[in-house]
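# Per-entry structural report
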Amino acid sequence: MKTDLGFRGRILFPIAVIALLGAMFYTHNPMARGAQAYARDVAASSAGIYLTLRSLNAFLSTAQEVEVGGSLVVQGSAQPFKVLEPVDDTVERIASVVFYVMVVTGVLAVAMGPVSAVGFVMLLAACGIGVWRGARGGTGAALARKLGTYGAFFAIAVPLAFILSSVLADRMTAGVWQDHHAVLTEITAAVSPEAEVDTDGTSLWSMVSGSGDTMDRYRTMAANTYNRADELVASLIAILAVFLFKVLVLPLLLLGGCLSVARVLSGAADAAGAGGVDRRG
């Protein structure tokens with residue numbers, strides 16, 4: 001038993017030291033920092049898209065309120081840009097989803113370090129239980145293996161999945177992102193709050209009360225947005241799909257693969273431990 005305990009200690013001691021350092025200095029963990037950088041990049045990109053969509057949403061909402069006076073035959077006024085309401089509602093809904101993606105990635109950027117620290121603490125506990133089980137004749141072996149498996153999952157697999165995603169996601173989605181982001185930029189370039197400021201300081205947001213050429217430009221822009229509504233919605237859905245792929249689909253696929261490997265290894269270790277007990281019996 002002493003020989004077995006000494007061999008076990010030589011294996012578990014360096015793992016325990018690494019786990020202790022990882023738990024104490026998780027803010028300097030290069031894997032966690034890389035995963036945090038990826039999450040922050042996605043959050044920043046989604047924030048830019050969100051602001052663009054909210055600007056477009058404000059423009060479309062304002063355009064719907066434009067009234068055109070009636071003629072001498074037909075008295076009253078009409079709001080011809082009310083046809084933009086379905087487009088406006090779609091933009092608003094997609095902006096809401098992008099906002100939640102932005103919040104989720106922000107939370108991931110903050111939580112990545114603490115999650116890895118928790119994983120290292122679980123690894124450290126697994127090493128302690130492993131040494132204790134060797135001294136007590138095998139008690140707690142299953143608990144040590146489970147703690148070690150899931151500790152390694154949180155400390156290593158989770159940051160690794162996001163690091164791999166940062167390497168793979170941009171390459172996989174670069175073409176889709178460039179094409180549809182160009183469409184969104186082209187359509188919304190003229191309706192951002194800072195765009196098209198006249199020499200007298202009048203912006204597009206004051207055009208509603210204007211007249212003549214200025215009001216005609218406003219109508220032209222609203223009509224152009226309506227005419228390209230299908231293209232706009234398709235691009236927004238594609239951009240949203242890219243965000244979801246980056247922050248959810250690809251990391252979850254990689255995490256699922258890591259978890260499957262961890263479970264197989266844990267099961268093999270359990271089987272080997274049970275076989276050892278049977279042989280001793």
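Conventions adopted
Residues numbered from 1 in each chain as written. Predicted model: local features only at pLDDT ≥ 70, side-chain atom pairs only at ≥ 80, totals over all residues. Heavy atoms only, no water. Helix = DSSP H or I, 4+ residues; strand = E, 2+ residues; numbered from the N terminus. Polar contact = N/O pair within 3.5 Å; in protein donor to acceptor, adjacent residues only side chain to side chain. Contact = heavy atoms within 4.5 Å. Salt bridge = Lys/Arg side-chain N within 4 Å of Asp/Glu carboxyl O. Buried < 20%, exposed > 50% of the residue type's maximum accessible area, 1.4 Å probe, protein only. pLDDT = per-residue confidence, 0-100. Axes fitted to C-alpha atoms, helices over the stretch in contact; angles between N-to-C directions. Parallel < 35°, antiparallel > 145°, perpendicular 65-115°, else oblique. Left-handed = near helix turned anticlockwise from the far one by under 90°. Nonpolar A, V, L, I, M, F, W, Y, C, P; charged D, E, K, R; others polar. Core = buried A, V, L, I, M, F, W, Y, C linked by side-chain atoms within 4.5 Å. Phe/Tyr/Trp six-rings, centres within 6.5 Å; stacked < 30°, edge-to-face > 60°. Patch = residues over 30% accessible without salt bridge, like charges linked within 9 Å, V, L, I, M, F, W, Y side chains within 5 Å. Areas by Shrake-Rupley, 256 points an atom, 1.4 Å probe, with all protein chains shown as cover.

It is worth spelling out the side chain of T105 at this point. In this fold, T105 is placed in helix α3 (residues 85-135). For T105, the side chain forms a polar contact with the main-chain oxygen of M102, separated by 2.9 Å. Setting aside anything within four residues of it in sequence, one finds T105 in contact with A39, V42, A43, S46 and V247.

Glancing now at the pattern of salt bridges. Summed over the entire model, instances satisfying the criterion amount to 3 salt bridges. The salt bridge partner of E186 is R228, with a shortest N-O separation of 3.1 Å. Of this pair, E186 sits in helix α4 (residues 141-188) while R228 sits in the loop between α5 (213-227) and α6 (229-280); the two residues are 42 residues apart in sequence, bridging distant segments of the chain. With a closest N to O distance of 3.1 Å, E231 and R228 form a salt bridge. By relative accessible area, which is 36% here, E231 ends up partly exposed. Through salt bridges with shared partners, a single ionic network connects E186, R228 and E231.

Attention now goes to the confidence of the model for the chain. In the predicted model, the chain carries a mean pLDDT of 79, and the fraction of residues at 70 or more is 72%. Mean pLDDT values over the elements of the chain span from 57, in strand β1 (residues 68-69), up to 90, in helix α2 (residues 30-64). Low pLDDT, under 50, characterises residues 70-76; the predicted model gives this stretch 4 contacts beyond four residues in sequence or across chains. Of the regions scoring below 50 in pLDDT, residues 193-205 engages in 24 contacts with residues more than four places distant in sequence or in other chains.

Okay, the packing of α2 against α4 next. Running from N to C, α2 and α4 cross one another at 20°; their axes reach a closest spacing of 9 Å. Taken together, the axes of α2 and α4 lie roughly parallel to each other. Helix-helix and strand crossings are classified by hand; for α2 and α4 the assignment is left-handed. Along the contact surface, α2 presents M31, A32, G34, A35, Y38, I49, T52, L53 and L56, while α4 presents I156, P159, L160, F162, I163, S165, S166, A169, W177, H181, L184 and T188. Here the residues of the contact of α2 with α4 sort into 15 nonpolar, 6 polar and no charged.

The next thing to look at is the nonpolar core. Buried together is how nonpolar side chains tend to be arranged in soluble globular proteins. Counting residues in hydrophobic clusters, the biggest one holds 38 residues, and the most contacted among them are I49, L53, L60, V91, L184, L232 and L236. Taken together, the elements giving at least two residues each to this core come down to α2, α3, α4, α5 and α6. Ignoring sequence-local partners within four residues, the contact set of V91 consists of L53, L56, N57, L60, L232 and L236. Of all hydrophobic cores here, the second largest spans 5 residues; its members include A19, A23, L123 and A155.

The full count for this structure, using the stated rule, is 5 aromatic pairs. A centroid spacing of 5.5 Å and a plane angle of 70° characterise the contact between W177 and F243, whose relative ring orientation is edge-to-face. Of this pair, W177 sits in helix α4 while F243 sits in helix α6; the two residues are 66 residues apart in sequence, bridging distant segments of the chain. On the basis of relative accessibility, which here comes to 1%, the residue F243 falls in the buried class. Chaining the aromatic ring pairs together yields one cluster made of Y50, F99 and Y100.

Our next topic: the environment of I11. Tracing the backbone shows I11 in helix α1 (residues 2-24). C-alpha of I11 to C-alpha of C127: the two residues are 116 residues apart in sequence and 9.2 Å apart in space.

With that out of the way, let us pick up the environment of L240. On the secondary structure map, L240 appears in helix α6. Classification of L240 as buried rests on a relative accessible area of 14%. As for L240 and W177, which are separated by 63 residues in sequence, their C-alpha atoms are 9.8 Å apart.

Together, F13, V17, L20, L21, M24, F25 and L124 make up a nonpolar patch on the protein surface, roughly 650 Å² of accessible area in all. On the secondary structure map, F13 appears in helix α1.

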